[in-house]
Amino acid sequence: MGDIADFLTKITGVPNYTLRAGISLFGALPLAFAFNAIADHAQSNYIAARKRHIFSILSTSILFLCLASPWLYAYCVTTAVAVYYCSLIPGVKGHWAFPVTVFIATLGLLCTQHAYYQFDDTKRDDSGPSMILTIKLTMYAWSVYDGSKPANSLIEEVRDTAIRDPPTLLEFLGYILFFGGWLVGPAFEFEDYRRFCNNESPFKERAGGGMAALRTFSIGTLCLLLNLQYANAWAHQNVVPRSFDEDNSLLFRIWYINVAGILVRCKYYGAWKLAESACCVVGLNFTGFATDSDGNKVSIWNRVENVNIRTVECAQSPRDFINAWNKNTIKWLRRTIYIRVSPPAQFSPRTQSGETVQTNISTFLRKWGHIIAPFAVYFSSAFWHGLRPSYYFTFLTGAMVTILGQQLRRTLRPIFVPPSRWAQLKPVYDAVSWIATQNLLNYTCAPFPLYTFQRALRAWSTLYFGWHVILLVVFASLALGLGSTVRSFGESIGAVYPGIKAKCVVKSAGETSDDTDKTK
């Protein structure tokens, strides 16, 4: 049945993946209304939840078999069922080896699929559902593990997502095959799905999501139209021929890389916002209520939001950009890798009585985890995306960018905020930070859609590897003590530098911030 997508591609001329994604994303909205309708007249929350699970399983199965490979569907279902039954074994679910094995196995199988699809351009790339499955299964495995531990041994971030009561197979498959995110996401925690389907807090108090759905749907559609209209004219592939350098000035090439980066992001904005709109219709995207500046009660809709477009496009630092981009994947990387490799002080193995247990592994991670964790995050993210060389160019450069960006922010920002005498120059600092961040990140991500080693290098060579040179100069300058000189100057004009601890806490993938750094 997967040949249906190929048949439609031949008729319409629309690229295969674009066609399948379009059908899945635009089709999710009417399915969302049907999803609500089947549960509206249920006699109890229990019956309503079962109807929701069955609806998701059936609708996603039909779409999956029509738009993707039946073998891929079989892989996803059998892998999910295997993880589910393993999670029910008492001696397995409480051991750290269970989530680690699930992570290694699912990511390894995903890499096998990437190798099959990405090194042969004639094959249709069907790895999207497996990427979402990998996130869901690994988050589920760690939540089961967390649920086997005393609540006082868990940090607040994972305490709320810990699974204390094992789900039924129907409930679990409803989560895995949720119709609103099987192809491109959003991927979310199992406990959020369970509370939503059971109409538990905060979902039972939720407001109507019609306006939120309309807003996200409109934004998603507009972004896709911009991408379809202009992406070919401003494609990164156009910089590969040497004639691009000969025919255009350096200033135009800088402008081109930035516009191309924005248009590539529009494709992701569109897909994620369309998927988010379906989650708004059913209510899964509801976060809670807040009070606006006028004292009015307003509803917040961003629980499964995958991107905050305004924050991304206005980011003044790599940290701000990363926090707002592909948020659910960042959350997955943090919860399944970072806090496991570099655990916070209160995240220690404990006995049932609450006593801390010291093991060789925990001792090792407390000493070296904060160094290992960022690299584990970036390499895992790269493997999750695929095996194309351009991905690793982007992620390795991204690691350097985030580390140096944070160091520069700690060094320079206090100079331009009160009580510094240069605080009146804060708007200039913000403008320069925004221009530098946007140019740097568009440059860093330029190889990503070009795939091969040679084309990836061409994306950077058209700008003479300028930002790499700047990054190396900054790194060398900081290593030679320039940071201390700048700090001394800042202190002389009244800037306040809070103490910096040797060990930092990462708040999201690639982001480091000191516990004591309170400068805003």
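Residues numbered from 1 in each chain as written. Predicted model: local features only at pLDDT ≥ 70, side-chain atom pairs only at ≥ 80, totals over all residues. Heavy atoms only, no water.

**Student:** Whenever I open this one, the side chain of H114 confuses me. Can you help?
**Tutor:** One can find H114 in helix 6 (residues 97–118). Setting aside anything within four residues of it in sequence, one finds H114 in contact with F119, S127, M131, F383, W384, H385, G386 and L387. (Helix = DSSP H or I, 4+ residues; strand = E, 2+ residues; numbered from the N terminus. Contact = heavy atoms within 4.5 Å.)

**Student:** Please explain the pattern of salt bridges as it appears in this structure.
**Tutor:** Where charged atoms of side chains with opposite charge meet at close range, the side chains can pair. The full count for this structure, using the stated rule, is 18 salt bridges. For R265, the salt bridge is made with E313, and the minimal N-O distance between the two is 2.9 Å. Of this pair, R265 sits in helix 13 (residues 250–282) while E313 is found in helix 14 (residues 309–313), placing the two residues 48 residues apart along the sequence. The exposure classification of R265 matches that of E313, with both residues buried. Between K273 and E276 there is a salt bridge; the shortest N-O distance is 3.1 Å. Of this pair, K273 and E276 are both found in helix 13, 3 residues apart, which corresponds to roughly one turn of the helix. (Salt bridge = Lys/Arg side-chain N within 4 Å of Asp/Glu carboxyl O. Buried < 20%, exposed > 50% of the residue type's maximum accessible area, 1.4 Å probe, protein only.)

**Student:** I'm lost on the pairing of strand 1 (residues 286–291) in this one. Help?
**Tutor:** For a regular strand, the rule is simple: side chains alternate between the two faces of the sheet. With 5 bridges joining them, strand 1 and strand 2 (residues 297–301) adopt antiparallel strand pairing. Across the sheet, residue A290 finds its bridge partner in strand 2, namely V298. (Pairing = 2+ DSSP bridges.)

**Student:** Just checking my understanding: could you explain the environment of D320 for this structure?
**Tutor:** Its location among the elements puts D320 in helix 15 (residues 318–324). What makes D320 partly exposed here is its relative accessible area of 22%. Taking the C-alpha atoms as reference points, D320 and T437, separated by 117 residues in sequence, lie 9.6 Å from one another. Other than its neighbours up to four places away in sequence, D320 contacts T311 and A315.

**Student:** Explain the packing of helix 18 (residues 389–412) against helix 19 (residues 426–445) to me, please; I cannot follow it from the model alone.
**Tutor:** Angle between the axes and distance between the axes: these two values describe a pair of packed helices. Their axes nearest at 10 Å, the elements helix 18 and helix 19 cross at an angle of 165°. Taken together, helix 18 and helix 19 sit at an angle that is classed as roughly antiparallel. When the axes of helix 18 and helix 19 are compared, the crossing they make is right-handed. The residues of helix 19 that touch helix 18, namely those facing T394, T397, G398, V401, R409 and L412, are Y429, L440, L441, T444 and C445. (Axes fitted to C-alpha atoms, helices over the stretch in contact; angles between N-to-C directions. Parallel < 35°, antiparallel > 145°, perpendicular 65-115°, else oblique. Left-handed = near helix turned anticlockwise from the far one by under 90°.)

**Student:** Would you take a moment to explain the packing of aromatic side chains for this structure?
**Tutor:** Given two aromatic rings, their pairing is described by the distance between the two centres and the angle made by the two planes. Taken as a whole, this structure holds 45 aromatic pairs when the rule is applied. Taking 5.4 Å as the distance between ring centres and 90° as the angle between the ring planes, the aromatic pair formed by Y175 and F190 counts as edge-to-face. Pair noted here: Y175 is in helix 9 (residues 169–176) and F190 is in helix 10 (residues 190–197), with a separation of 15 residues, a long-range link. An identical accessibility class is assigned to Y175 and F190; each is buried. Above the plane of the ring of F289 lies K297, whose end atom (NZ or CZ) is 4.3 Å from the centre. In this structure, R388 packs its charged tip against the face of Y451, placed 3.8 Å from the ring centre. (Phe/Tyr/Trp six-rings, centres within 6.5 Å; stacked < 30°, edge-to-face > 60°. Lys NZ or Arg CZ within 6 Å of the ring centre and 35° of its normal.)

**Student:** Teacher, can you tell me more about the nonpolar core here?
**Tutor:** Soluble globular proteins tend to pack their nonpolar side chains together in the buried interior. Formed by 76 residues in total, the largest nonpolar core has its most connected members in L137, Y140, F172, I176, F178, V282 and L284. Sorting elements by how many residues they give to this core places helix 7 (residues 128–147) first, with 9 residues. Every residue in contact with F172, bar those within four places of it in the chain, is listed here: A80, Y84, L137, Y140, P167 and F190. Counting residues in each nonpolar core, the second largest holds 16 residues, with A315, L404, L440 and L471 among its members. (Core = buried A, V, L, I, M, F, W, Y, C linked by side-chain atoms within 4.5 Å.)

**Student:** What should I look at first to understand helix 11 (residues 210–230) in this one?
**Tutor:** In an α-helix, one turn spans 3.6 residues, which is why side chains three or four residues apart end up on the same side. Between its first and last C-alpha atoms helix 11 spans 30 Å; for 21 residues at 1.5 Å apiece the expected length is 30 Å, and the two agree. Burial in helix 11 covers these residues: A212, A213, T216, G220, C223, L224 and N227. Each buried residue of helix 11 lies within a common arc of 105° when the element is viewed along its axis, so the set occupies one face. Opposite the buried face of helix 11, at more than 90 degrees from it, the exposed residues are G210, M211, L222, L225 and Q229. (Expected span 1.5 Å × (residues − 1). Arc of directions from axis to C-beta.)

**Student:** Would you explain unusual backbone geometry in this entry?
**Tutor:** Note on backbone geometry: most residues besides glycine have negative phi, and most peptide bonds are trans. A cis geometry characterises the amide bond from G185 onward to P186, with omega recorded as 10°. In this fold, P186 is placed in the loop between helix 9 and helix 10. The amide bond that connects P418 to the next residue, P419, takes the cis arrangement and shows omega of 10°. As for its placement among the helices and strands, P419 is situated in the loop between helix 18 and helix 19.

**Student:** Teacher, can you tell me more about the packing of helix 7 against helix 16 (residues 327–341) here?
**Tutor:** The N-to-C vectors of helix 7 and helix 16 enclose an angle of 45°; their axes lie 10 Å apart at closest approach. Considered as vectors, helix 7 and helix 16 are oriented oblique to each other. You can see that helix 7 and helix 16 cross each other, and the crossing is left-handed. Residues T134, I135, T138, M139, W142, Y145 and D146 of helix 7 form the contact with helix 16, whose participating residues are T329, W332, T336 and R340. Its residues assigned to classes, the contact of helix 7 with helix 16 comprises 5 nonpolar, 4 polar and 2 charged. (Nonpolar A, V, L, I, M, F, W, Y, C, P; charged D, E, K, R; others polar.)

**Student:** What am I meant to see in the side chain of S390 here?
**Tutor:** Position of S390 relative to the elements: it lies in helix 18. Here S390 falls in the buried class, since its relative accessible area comes to 0%. Polar contacts involving the side chain of S390 include one to the main-chain carbonyl oxygen of F448, which spans 3.2 Å. Ignoring anything within four residues of it in the chain, the contact list for S390 reads P447, F448, L450, Y451 and A456. (Polar contact = N/O pair within 3.5 Å; in protein donor to acceptor, adjacent residues only side chain to side chain.)

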